[in-house]
Amino acid sequence: MFDSLKSKLKNIFSTSSPKLDSESIFEGEGGIGPEEPAAAAPGAEEKPLSRKEQLRAGKQKKPAQEEAGGTGGDMIASSGKKIKEDPLDDLLDELELALLESDVAYPVVQDVILGVRDNLVNKKHGRQYTLEQVVEAAVKDSVRSVLRANEFDFDTWVEGQPRPTVMMFVGINGTGKTTTIAKIAKRLKDDGRSVVIAACDTFRAGAIEQLSIHAERVGVKIVKQGQDADPSAVAFDAIEHARSKGKDVVLLDTAGRMQTNSNLIDEMKKIARVSKPALKVFVGDALAGNDAIEQAKVFDTAIGIDAIVLTKIDTDAKGGAALSIARTIGKPIAFVSDGQGYDDLQAFDSEWMLERLFEGADE
Ligand code: GDP
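Residues numbered from 1 in each chain as written. Predicted model: local features only at pLDDT ≥ 70, side-chain atom pairs only at ≥ 80, totals over all residues.

Visitor: Tell me about the overall build of the chain, and please be specific about residues and values.
Guide: The helix and strand inventory of the chain stands at 15 helices and 12 strands. Taken over 363 residues, the chain has a buried fraction of 45%. The contacts in the chain between residues at least 6 apart in sequence include a share of 80% that link residues at least 24 apart. (Helix = DSSP H or I, 4+ residues; strand = E, 2+ residues; numbered from the N terminus. Buried ≥ 20, exposed ≤ 12 C-beta atoms within 10 Å, placed from the backbone. Contact = placed C-beta atoms within 7 Å.)

As structure tokens, then:
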């Protein structure tokens, strides 16, 4: 269905200039033996640092253990082949393009590329591996370290919260916000918690009706008023209801017409002020790519986002959205939604996401 990073890498290796063949890119093919020291060649330190090298120098080194535990761990050897830097730059340029084509946002691409360089340069690679294998492992390691920073353990978090725990969901109409709320309500209920949903999107009668259907289907209480009621008042009522009935969690649905609409943003701020949510969740559509990032930024500036749910991951055309969104706005992904059923909600797992990005649906 979409081109995975793995198939893009394959493409790079099948279509790239002869410069990328292993004889010209590996130092010491037939020359440098196992005794070659890992340090740079004499005189290399006199060279002025390139932009990439300066950036790299500023980045903290990953702990050796993490490196060794990564996909490429056993590829890094005390003896073996070293990759030359110049042809590697050509390869990294191609890789940069492939990542951008996968909808990975530019700053994230830069992070990944720097990580890949770090994983490849001045390291020796076991002679049994091909350049393609070594590069794939380096890309995986780099993507993994970006994704790992984005995990959020919702279940542990919710366990430690005072009751009732209020969670506010924001996002643009059509992203899957209402469905996500129903899925989270079901997950909490299946886990033995009592849940109240508040229909704070009073802008559309249809939204209240739709949320009521979801609430009934997953078997949780809904607190609602009529169309055009004050959304903050609905939130307040729901929280009061939860307090008086000893309910565990209150999930607030909110309106999602154009994110640039300042009335909407004022409304969000007011709901947040009145309900003091313990968790503010941005729901973003994986298909929306950079638009989702922009939307997240607007909501984050207005109310401060704590976590993200990325929806429609089952239809994510290019695969880079998860990698980009959390990294760009610096918030963790709590869940990914991968279908329309109430159980199609997965806790975000960087290894799972990595597999998706690399294996894709086309393998
Ligand atoms: P809202 O306007 O943001 O509340 O969006 P809805 O929850 O009403 O969802 C809009 C449409 O997207 C509905 O048809 C949902 O069934 C569908 N949808 C929501 N989440 C997913 C998902 O993860 N995958 C797919 N394929 N469809 C989804």
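Visitor: Lay out the packing of helix H5 (residues 85–101) against helix H6 (residues 106–120) with the relevant residues and their values.
Guide: It is at 10 Å that the axes of H5 and H6 come closest, and there the two elements cross at 145 degrees. Considering only the axes of H5 and H6, their crossing is right-handed. Together, Leu88, Leu92, Leu95, Glu96, Leu99 and Leu100 of H5 and Tyr106, Val109, Val112, Ile113, Val116, Arg117 and Leu120 of H6 make up the contact between the two elements. Of the residues assigned to the contact of H5 with H6, the class counts are 11 nonpolar, no polar and 2 charged. (Axes fitted to C-alpha atoms, helices over the stretch in contact; angles between N-to-C directions. Left-handed = near helix turned anticlockwise from the far one by under 90°. Nonpolar A, V, L, I, M, F, W, Y, C, P; charged D, E, K, R; others polar.)

Visitor: Describe the sheet that holds strand S10 (residues 307–311), and please don't skip the residues or the numbers.
Guide: Taken in spatial order, the 8 strands line up as S7-S6-S8-S5-S9-S10-S11-S12 in an open sheet, and their pairing is mixed. Each having just a single partner strand, strand S7 (221–223) and strand S12 (345–347) make up the two edges of the open sheet. When the angles between neighbouring strand axes are averaged without regard to direction, this sheet yields 25 degrees. In the sheet, strand S9 (residues 279–285) pairs with S10 via 5 bridges, with the strands oriented parallel. Counted as the bridge partner of Asp285 is Thr311 from S10. Packing against the sheet, helix H11 (residues 231–245) makes contact with strand S5 (165–170), strand S6 (195–199), S7 and strand S8 (249–253), and its axis sits at approximately 165 degrees to S6. Packing against the sheet, helix H13 (residues 290–303) makes contact with S5, S9 and S10, and its axis sits at approximately 160 degrees to S9. (Pairing = 2+ DSSP bridges.)

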